[in-house]
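Structural features, examined
Residue-level listing of the chains:
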Amino acid sequence: MSQTASQPTTEPADEGVPPHRYTPALAQRIELEWQDRWEREGTFHTPNPTGRLSEGFDRVADRPKTFIMDMFPYPSGAGLHVGHPLGYLGTDVTSRFRRMDGDNVLHPMGYDAFGLPAEQYAVQTGQHPRITTEANIAAIRAQLRRLGVDHDERRTFATIDPGYYRWTQWIFLKIFGAWFDEEAGRARPVEELVAELDAGTRSPAPGTNPSGRPWAELSDVEKRQVVDAHRLAYRHEAPVNWCPGLGTVLSNEEVTPDGRSERGNFPVFRRPLTQWMMRITAYAERLLADLDRLDWSDSVKQMQRNWIGRSTGARIRFAVGAAGRADDPAETIEVFTTRPDTLFGATYMVLAPEHPLVETLTAQAWPDGTDPRWTGGAATPAEAVREYQRQASRRSELDRQNESREKTGVWLGVTAVNPVTGRELPVFIADYVLTGYGTGAIMAVPGEDTRDWEFAEAFGLPVVRTVQPPADFDGGAYTGSGPMINSSNEQVSLDGLTDKADAIARMTAWLVSAGHGEATTTYKLRDWLFSRQRYWGEPFPVVYDADGLPRAVPESLLPVLLPEVDDYSPKTFADDDADSAPEPPLSRVGEWTTVELDLGDGLKPYRRETNTMPNWAGSCWYYLRYIDPGDDTQMVDPELERYWMGPRTPGDVGGVDLYVGGMEHAVLHLLYARFWHKVLHDLGYVSSEEPFRRLVNQGYISAYAYTDERGFYVPAADVVEQDGRFLYEGRPVNREYGKIGKSLKNMVTPDEMIGAYGADTFRVYEMSTGPLEQSRPWDTKAVVGSQRLLQRIWRVVVDEQTGAVRAADTTPGDDELRALHRAIAGVRDGMATLRFNVAIARVAELTNALTAAYGADSPVPREVAEPLVLLVAPLAPHLAEELWARLGHADSVAWAPFPVADERWLAEDTVQVAVQVNGKVRAQVDVPADADAAALEAAARADERVAAQLADKTVRRVIAVPGRLVNFVVG
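Residues numbered from 1 in each chain as written. Predicted model: local features only at pLDDT ≥ 70, side-chain atom pairs only at ≥ 80, totals over all residues. Heavy atoms only, no water.

Here we look at the overall build of the protein chain
In terms of helices and strands, the protein chain carries 28 helices and 34 strands. Principal axes of the C-alpha set define a box for the protein chain whose edges measure 105 × 90 × 70 Å. Going through the 971 residues of the protein chain one by one, you find that 54% of them count as buried. Look at the contacts in the protein chain between residues 6 or more apart in sequence, and 71% of them connect residues 24 or more apart. (Helix = DSSP H or I, 4+ residues; strand = E, 2+ residues; numbered from the N terminus. Buried < 20%, exposed > 50% of the residue type's maximum accessible area, 1.4 Å probe, protein only. Contact = heavy atoms within 4.5 Å.)

Next up, the structure:
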C-alpha cells in the first residue's frame, strides 16, 4: 500500500483547469479509496477493555472514554435525504475530533427495523417484510459509508435480528418478573414479593386482591392472579382506538380529529380490550426528579415534565344514592382535583363515557320531571348511555379535548352527594372527560371552569361562585384569583381567604378529618400500552396455561422466533362493526400458537401470545447492545457497561456521553428508554441510572415545496421557474417552505450532492449552515462555496500544476503563527460546542491567511500546513487523509493528535477602540492592547477625523475606558 490512497496522476480536466486541481472527480476517487482503506485496516474499530472486542485496547488504555451515538434510522425504501445526515455528520465530526484529541471513542450505528411501514408494504406486495427491510438497510448503510462516517461496523445490528430481539424478549421477561416496591422505591424480583406474602410480612397491594381474603386462604390460581396484578408487565383491559376496517388498534397519533384512521379514513372506536401494559407510572416520580440531573435542553425536559404531568391536590369521595336516592349510598365516585378549595361550588358531576361505574350507576328509568336536555332523546337512561357511548367512541381524544367543541352529554338518572354541602349533584357522562386523566371523573365547578360553565349553560345546571370576581368582570367562568365566597358550613369556612394555598390546605385538612378524602399526588402519565395486533414485531416470550394465566417462556428457549405466514394483514371487519375483536396475523398460525412445554410441572400444552411488541421495544435499549452485539451469553457485560456508561463521580447518572436525534422523539422514545433503563438498574443489570447523559436535538433542514391547484404536493425537482412564476408540467403551482421529506415531495438526496461535488464538500456544507441544534434552509447553489474552500485548502498543500507537495521545513512568520493558533482555538471551541459552522469559519480564515502569505508558488512551512490538515480532518476526512498521506505520514490522520493552541499567540498585540465625541462614534483607532487611559486619549487626539471634530471646541471631560472606547465631552 502506498502512502496515498490515490496516486497523484493527472486528472482528466476541462480546458484551462490545472491538471492537479481538487475537482469533484478527484474527490470521488480519493473518497472511495480511503473508505476502502478504512474498512480494510479497521481504522475505526473501537476496542473494549475486555472480551471479544478487546484487541488493541493497550493502545487506548490510558485514554478517557467517549460514547457518542445517534437515534438510529428506520430503514424506509426512500433511504436518506439531506436532512437525515445533519445529525449523523454532527456526531461523526465530534467522534473524529474526540478521537484525535485523545479519547477512546465508541461511535456505532444500528437500525430500528420492526414496525408498521415494512408490514404495510408486505401486505401490499406479499413480500416478506424482512426482505424489504434488509434491502433498505443495505441501501442506507451504503449511503452512510459513502458519507465517510466513522462507525465501527462490527457493532452494527438491526432490531429484527434474532440475536438482538432475543435480548429484547429477555428484558421483557425481567420486567414481567419484577414488581415495584413502593416502600423501597425500586423494582424487585417477584420471587421476593411471593416470599414476603408467604411469610406474612407483606399484604397484597390495594386493588390486587379482589376477593379480599387473606393470602394464606387463596387458591393457587388466585395467588397467581394477585402476583400478576403486581407485575411491572401485566395484562389489563384498557380503552384503545379500535379500527375494524383495518383490523388493528391505532395509536392516538394515527387517529384524525374526527375519529377516523389516518390510513384509509376508516371509522375508529374507543373500546376496552385486554392488552399488555408496562407499569411506567410506578416510576413517574423518579422519571420526573431525575430530569434535573440530565444535560438536556430545557425544552425537552419541559416536554417530559408536561407529559408526566405531576399534580398535587386531593382525592374526594362522593356517595351515590341507589336509584337516585342520596340517603341510601350504594357506590362511591372518586375524583382528583387540584382545587379542593372550590368544592362548595360543585353543582354536578361528570364521568368519562368509558368509566367502569357507568353501567353500575345507570338508573332503570328517568325520574319524574327530568329535563329533556338531559336525556339525549332516549326513552331510558340505559338507551341514552349506550347511544352516547357509541358516539363518544367515534371521537378521538384530541377531538374530545378541543375547547371549542359544543358540550354534549347525558344524565345517568342518579345523583351524588356533595360532602361539604350535602347538596345532590346530578351525575352525567360527557366526552370532554377522559378516562386517561385523573380518575376519569370530575366534580364540575362551573363558576371557576370554562368547560364546566359551557356544559352547565347547555344543560340548565346551577352555578355557585366560590371566588369573588372583580367589579368589571363581564360574566362567564372566572378563573382568576380573589377572595373566597359561598364557602362555609358548620365545620369549615374558607370565606374571605385570598391565598389559594391556604384555602386548599384548609379544605384538604377538613376532607381528611371528615373521612371524605385525602391529600394526594397524581400524574397525567398513564401506563404504557404494549400490545400490537400486527405481525412485524417481537413475539412476546409468554404462553398461557389452562387457567388463561401468562407464564414466562424459559430463557433457554429464547428467542421466540416469528413464524412464516402467508398473509401479513390482520383480519378486517365491516367499517362500523365496533363490537368486533382483533385477530392478529399470528393467531392464524395454529402450529405455532399451540406448543407443548415443560415449565417445571411436566409436559403440558400452552397457547402463545399472538400480539407482538411495539417497535418502541427494540429502541428502548439498543445503546446497551452496541457495547458488544456479538455477546450471546448476556445482554451486556457488566464490566463493559461500567466502562462505557457508568457514573464518573458520586451523583452522576452515567449513560451515553452524547445522544443526537430529532425533537419528535423528545417524549415517547426517551421516556420509554429511561423507564426500561431504571428497571434494569434496580434489578442490578446496569450501573448507570439513566441511558443518555447528554442529549442534543439537531435542527431540521427545510426547502421549497410546491402545491398544485388541488393543494396536492408535486415533485419539487420537476418545478421550473419562468418569468417569476413556478410551473409543473406547464401548470402554475404555489411555492411554500417546509421540512424536507417525502410528504412534501421536496427531497434532495445526499447521493445527488455527493455525485456532483463529493462527500467532503457535502459534509462541510451541511456543517457550515449553523449550529447543530439550529434548523436551516437548504440551498443547492450554495454548496459550491464549500467546494471552493476545500480547493483552497488543497492548494495550500498541493501544487495544482505539478501535483507536488508544497510543504517545506521553513519557518513561518509571526502573522502566520498568530493566525494558526487563533484558528486552533476557534476550531476547538466550535467542536466542543457543536457549532461546526464556527470551526469551518476559523479554518477558512486560516486558509485565506496562508494563501495570502505564500501565494500559489512559494513553499508553505510544514509547521502551519500540517496543522491546517489536522484542523479540517474531522470535517473533510477524505481530503485530510489524502493530504496527510502526501505530507509523508503512513498512519491515518484519524489517530493523529489534534492541534493545541499556544497561548503566546492568542494574546492581542493591538485592539481597536471607538472614539466618540459627545457620545457619537467619530472614528476607530488601533492602540496597544495594554494602553492605559492617557495613551488612549493621545491616540484618539492624533487621529485626523477626531482632531477635526475637536477643533475650536472646549473639551470639558474625557472618558477613556482601556480596551473599549474614548469619549470626548465638548461644549
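Looking at the side chain of Arg202
Structurally, the position occupied by Arg202 is in the loop between α6 (190–199) and α7 (220–230). Of note is the side chain of Arg202, whose polar atom sits 2.6 Å from the side chain of Glu196. When near neighbours in sequence (up to four residues on either side) are disregarded, Arg202 contacts Trp179, Asp181, Glu183, Arg188, Leu193, Glu196 and Leu197. (Polar contact = N/O pair within 3.5 Å; in protein donor to acceptor, adjacent residues only side chain to side chain.)

A closer look at the environment of Ala205
Residue placement: Ala205 occurs in the loop between α6 and α7. According to the relative accessible area criterion, Ala205 is partly exposed, its value standing at 30%. Measuring from C-alpha to C-alpha, the distance between Ala205 and Glu182 comes to 9.7 Å, with 23 residues separating the pair along the chain.

With respect to the layout of surface pockets
Its boundaries defined by the atoms lining it, the second largest pocket holds a volume of some 970 Å³. In this structure, the second largest pocket is lined by 29 residues; those nearest its centre are Phe336, Thr338, Ile442, Asp449 and Arg451. Of all the elements in the fold, those that place two or more residues in the lining of the second largest pocket are β9 (329–337), β13 (441–444), α13 (450–459) and β14 (517–523). Here the element with the most residues in the lining of the second largest pocket is β13; it accounts for 3 residues. Residues of the lining of the second largest pocket, tallied by class, amount to 10 nonpolar, 11 polar and 8 charged. (1 Å grid on protein atoms, 1.4 Å probe; cavity = no way out; pocket = protein on both sides within 12 Å on 5 of 7 lines; lining within 4 Å. Points joined across faces, edges and corners; volume = space filled by probe spheres on them. Nonpolar A, V, L, I, M, F, W, Y, C, P; charged D, E, K, R; others polar.)

Points about the side chain of Arg608
Take Arg608: it is sitting in strand β19 (residues 603–608). In this structure Arg608 is buried but unpaired, with Glu591 as the nearest side chain of opposite charge at 10 Å. Separated by 3.0 Å, the side chain of Arg608 and the backbone oxygen of Trp592 make a polar contact. Ignoring anything within four residues of it in the chain, the contact list for Arg608 reads Val542, Val543, Tyr544, Val560, Trp592, Thr593 and Val595. (Lys, Arg positive; Asp, Glu negative; His and termini not counted. Salt bridge = Lys/Arg side-chain N within 4 Å of Asp/Glu carboxyl O.)

Points about unusual backbone geometry
Each neighbour pair has its own omega, and for Leu558 with Pro559 the value is 0°, a cis peptide bond. Relative to the assigned elements, Pro559 resides in the loop between β17 (550–552) and α15 (590–593). Of note, Asp723 is a non-glycine position whose phi angle comes to about 55°, a positive value. Residue position: Asp723 is located in the loop between β24 (719–722) and β25 (725–728). Of the residues examined, Asp723 reaches a relative accessible area of 74% and is grouped as exposed.

A word on the sheet that holds strand β6 (residues 248–250)
Taken in spatial order, the 4 strands make up an open sheet running β6-β5-β7-β15, and their pairing is antiparallel. Since the sheet does not close on itself, it has two edges, and those belong to β6 and β15 (528–529), each with one partner. Inspection of the sheet shows strand β5 (residues 233–243) paired to strand β7 (residues 269–278) by 10 bridges, in the antiparallel sense. Each bridged residue has a counterpart across the sheet, and for Trp242 the counterpart in β7 is Phe269. Sheet contacts for helix α5 (residues 162–176): β5 and β7; angle to β7, the most-contacted strand, approximately 90°. (Pairing = 2+ DSSP bridges. Axes fitted to C-alpha atoms, helices over the stretch in contact; angles between N-to-C directions.)

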